[in-house]
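Structure at a glance
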Amino acid sequence: MSRSAELFDRAKAVLPGGVNSPVRAFRAVGGTPFFVDRARGACLTDVDGKTYLDYVCSWGPLILGHAHPAVLDAIRGAAERGWTYGAPCAAEVDLAELVRRRMPALEMVRFVNSGTEATMAAVRIARAATRRDVIIKFEGCYHGHADSFLVKAGSGVATLGLPDSPGVPGALAELTLTVPFNDAAAVQEVFTRRGKEIAAVIVEPYVGNAGFIAPEPGFHEALRALCDRHGALLIFDEVMTGFRVAPGGAQQRLGVRADLTTLGKIIGGGLPVGAYGGRADLMRLVAPEGPVYQAGTLSGNPVAMAAGLATLRETERPGFYDVLERRTARLVAGIGDAARRQGVAATGGHAGSMWGVYLTAGPVRTFAQAKGSDTGLFARWHCAALARGVFLAPSAFEAGFVSSAHTDADIDFTIAQLDAALGEARAR
Ligand SMILES: *Cc1c(COP(=O)(O)O)cnc(C)c1O
């Protein structure tokens, strides 16, 4: 028995499903998850000594790869000065200023500890500011695990094929209306019926939690216009896309400005940080400046702030995003060529270094179309790729990531292994 299998057996007795976040359990692809011993650069090494090229990158935060020396130095340096104060520190101001410079829509920012906390708070502000209760979200989009968002959600909810979660009061779920992504006409129809009740539209500007889905041209402009016409707020959930799809996130790439924006993942460089921010008039509603309550014992933690600052500063090197995007485009094109060689229907896409491939002819513009992909073949492909040293997200409905630690040679190796793995998966 492998050490991973032993650990997983022990884990299942003390942790639900053996994990602390559902998709890690490999339920959608079968087999036993590997337990990690250490990680560096583009690679993870498991407790049995096997090394994998990592395209999960901790589900998004690690745009520099694992254990980047500059981030490690920043974490060490910060920790030596104490690791939580319960009082303000300079790094919070530095990071907030850096965020505002990169994403001007965030005129003011509040740091929290996760993406879930950020989206929860953003909706609370939207409800307070508009004095309305209803929100619109899109099928397959994931905004963390807060009650209001577990309605037709993506990520693990989609991966495991779960119905809307038990434990969410019906009275609350009724306040979340869902619409297909990329369907501006459907959003317009909901606004026509219930415009006076709608506080906000929340959207992943590029969907990453139902696999990767790009917005159609004009979709976000239409959301912006509908929100303005009906007095609702537009919330861009950039927990995944922020600092990922462009230096200034999806809002820079798309040229659309949100009223409120949520951040997470890269902003903490792999330590637990989330943030929400936006128009100053809205952010001034937050306590202690205003009446909307939101607080956190460890929020603005100095070690986490230092990791986020060091990570974001590294991404400001000239050409950083261009090189990453070029490598990612090559990876996605290479997988497409491999699928054609293997006679497998596939469609892929990317924005910056966020990418995805569906095993279906496509095109995929909605979650319903994404669900048409061959999940059985994906599971066998995932398993064969893992055996060949390539770690893809253990779900057909998650985006992948390329980090600056992935070299051109890594990409070539990956395409060759994924090509062979696809052949093996198809034959089985
Ligand atoms: C990951 C993610 C979240 C949740 O963030 P956590 O830090 O896991 O709570 C929310 N929204 C989007 C778009 C995400 O990708």
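For the structure given in this document, a descriptive report is provided here.

Conventions used here
- Residues numbered from 1 in each chain as written.
- Predicted model: local features only at pLDDT ≥ 70, side-chain atom pairs only at ≥ 80, totals over all residues.
- Heavy atoms only, no water.
- Axes fitted to C-alpha atoms, helices over the stretch in contact; angles between N-to-C directions.
- Helix = DSSP H or I, 4+ residues; strand = E, 2+ residues; numbered from the N terminus.
- Parallel < 35°, antiparallel > 145°, perpendicular 65-115°, else oblique.
- Left-handed = near helix turned anticlockwise from the far one by under 90°.
- Contact = heavy atoms within 4.5 Å.
- Nonpolar A, V, L, I, M, F, W, Y, C, P; charged D, E, K, R; others polar.
- Core = buried A, V, L, I, M, F, W, Y, C linked by side-chain atoms within 4.5 Å.
- Buried < 20%, exposed > 50% of the residue type's maximum accessible area, 1.4 Å probe, protein only.
- Phe/Tyr/Trp six-rings, centres within 6.5 Å; stacked < 30°, edge-to-face > 60°.
- Near = heavy atom within 4 Å.
- Polar contact = N/O pair within 3.5 Å; in protein donor to acceptor, adjacent residues only side chain to side chain.
- Areas by Shrake-Rupley, 256 points an atom, 1.4 Å probe, with all protein chains shown as cover.
- Expected span 1.5 Å × (residues − 1).
- Salt bridge = Lys/Arg side-chain N within 4 Å of Asp/Glu carboxyl O.
- Pairing = 2+ DSSP bridges.

What follows is about the packing of helix α14 (residues 375–387) against helix α15 (residues 408–427). Two numbers describe a pair of packed helices, the interaxial angle and the distance between the axes. At a minimum axis separation of 8 Å, α14 and α15 run at an interaxial angle of 130°. Accordingly, the angle class assigned to the pair α14 and α15 is oblique. The element α14 and its partner α15 pack so that their crossing is right-handed. From α14, Leu 377, Arg 380, Trp 381, Ala 384 and Ala 385 reach across to α15, where they touch Leu 418, Ala 421, Leu 422, Glu 424, Ala 425 and Arg 426. Residues of the contact of α14 with α15, tallied by class, amount to 8 nonpolar, no polar and 3 charged.

On to the environment of Thr 159, then. Tracing the chain through its elements places Thr 159 in helix α5 (residues 156–159). For Thr 159 and Pro 394, which are 235 residues apart along the polypeptide, the C-alpha to C-alpha distance reads 9.0 Å. When neighbours within four sequence positions are excluded, Thr 159 is seen to be in contact with Val 23, Ala 28, Ser 395, Phe 397 and Glu 398.

Quick look at the packing of helix α12 (residues 320–342) against α15 now. Interaxial distance between α12 and α15 falls to 9 Å at its minimum, and their mutual angle equals 25°. One finds that α12 runs roughly parallel with respect to α15. Every pair of crossing elements has a handedness; the one defined by α12 and α15 is right-handed. Where α12 abuts α15, its residues Arg 327, Arg 330, Leu 331, Gly 334, Ile 335, Ala 338, Ala 339, Arg 341 and Gln 342 lie against Asp 408, Ile 411, Asp 412, Thr 414, Ile 415, Leu 418, Asp 419, Leu 422, Gly 423 and Arg 426.

Looking now at the nonpolar core. Counting residues in each nonpolar core, the largest one holds 94 residues, and the members touching the most others are Phe 138 and Trp 381. Each residue touching Trp 381, except ones within four places of it in the same chain, is listed here: Ile 335, Leu 359, Leu 392, Leu 418, Ala 421, Leu 422 and Ala 425. In this structure, Ala 118, Phe 149, Ile 202 and Leu 282 belong to the second largest nonpolar core, which totals 20 residues.

Attention now moves to the packing of aromatic side chains. Two numbers describe a pair of aromatic rings. These are the distance of the centres and the angle of the planes. Per the counting criterion, the structure on display carries 13 aromatic pairs. Relative to Phe 391, the ring of Phe 34 has its centre 4.8 Å away and its plane inclined at 75°; by these criteria the two rings are edge-to-face. Taken as a pair, Phe 34 in the loop between α1 (3–14) and β1 (36–40) and Phe 391 in strand β13 (residues 390–391) lie far apart in primary sequence, 357 residues in all. Judged by relative accessible area, which is 8%, Phe 391 ranks as buried. In this structure an aromatic cluster arises from ring pairing among Phe 26, Phe 34, Tyr 52 and Phe 391.

What follows covers the site of the ligand. All residues adjacent to the ligand are Ser 114, Gly 115, Thr 116, Tyr 142, His 143, Gly 144, Glu 204, Asn 209, Asp 237, Val 239, Met 240 and Lys 265. Residue Asn 209 places a side-chain N or O atom 3.0 Å away from an oxygen atom belonging to the ligand. Lys 265 has a polar side-chain atom sitting 2.6 Å from an oxygen atom of the ligand. For the ligand, whose free accessible area comes to 380 Å², the fraction covered by protein is 83%.

What follows is about helix α4 (residues 115–130). Structurally, the α-helix is built with 3.6 residues per turn, so residues lying three or four positions apart point the same way. Helix length check: α4, at 16 residues, gives a terminal C-alpha distance of 23 Å against a target of 22 Å (1.5 Å per residue), a fit within 8%. Gly 115, Thr 116, Ala 118, Thr 119, Ala 121, Ala 122, Val 123, Ile 125, Ala 126, Arg 127 and Thr 130 are the residues of α4 that are buried. Where α4 terminates, the next one or two residues include Arg 131, which has phi positive at roughly 55°.

The next thing to look at is the pattern of salt bridges. Summed over all chains, the structure comprises 22 salt bridges. For Glu 189, the salt bridge goes to Arg 193, with nearest N and O atoms at 3.1 Å. Here Arg 193 and Glu 189 lie together in helix α7 (residues 184–194), a separation of 4 residues that amounts to about one turn. Exposure remark for Arg 193: the relative accessible area of 56% places this residue in the exposed category. For Arg 224, the salt bridge goes to Asp 228, with nearest N and O atoms at 2.6 Å. In this pair, Arg 224 and Asp 228 are both assigned in helix α8 (residues 219–230), 4 residues apart and thus about one turn of the helix distant. What you see here is one network of salt bridges that share partners, running through Arg 224, Asp 228, Asp 259, Arg 279 and Asp 281.

What follows deals with the environment of Ile 411. Here Ile 411 shows up in helix α15. On a C-alpha basis, the gap between Ile 411 and Phe 111 in space is 35 Å, while along the polypeptide they are 300 residues apart. Leave out the neighbours within four places in its chain, and Ile 411 touches Tyr 55, Arg 327, Arg 330 and Leu 331.

Before going further, it helps to examine the pairing of β1. Pairing analysis gives 4 bridges linking β1 to strand β2 (residues 43–46), with the strands arranged antiparallel. Counterpart to Arg 38 in the pairing with β2 is Thr 45. Once β1 ends, the chain turns through 2 residues before running back antiparallel as β2, passing Gly 41 with a positive phi of about 60°.

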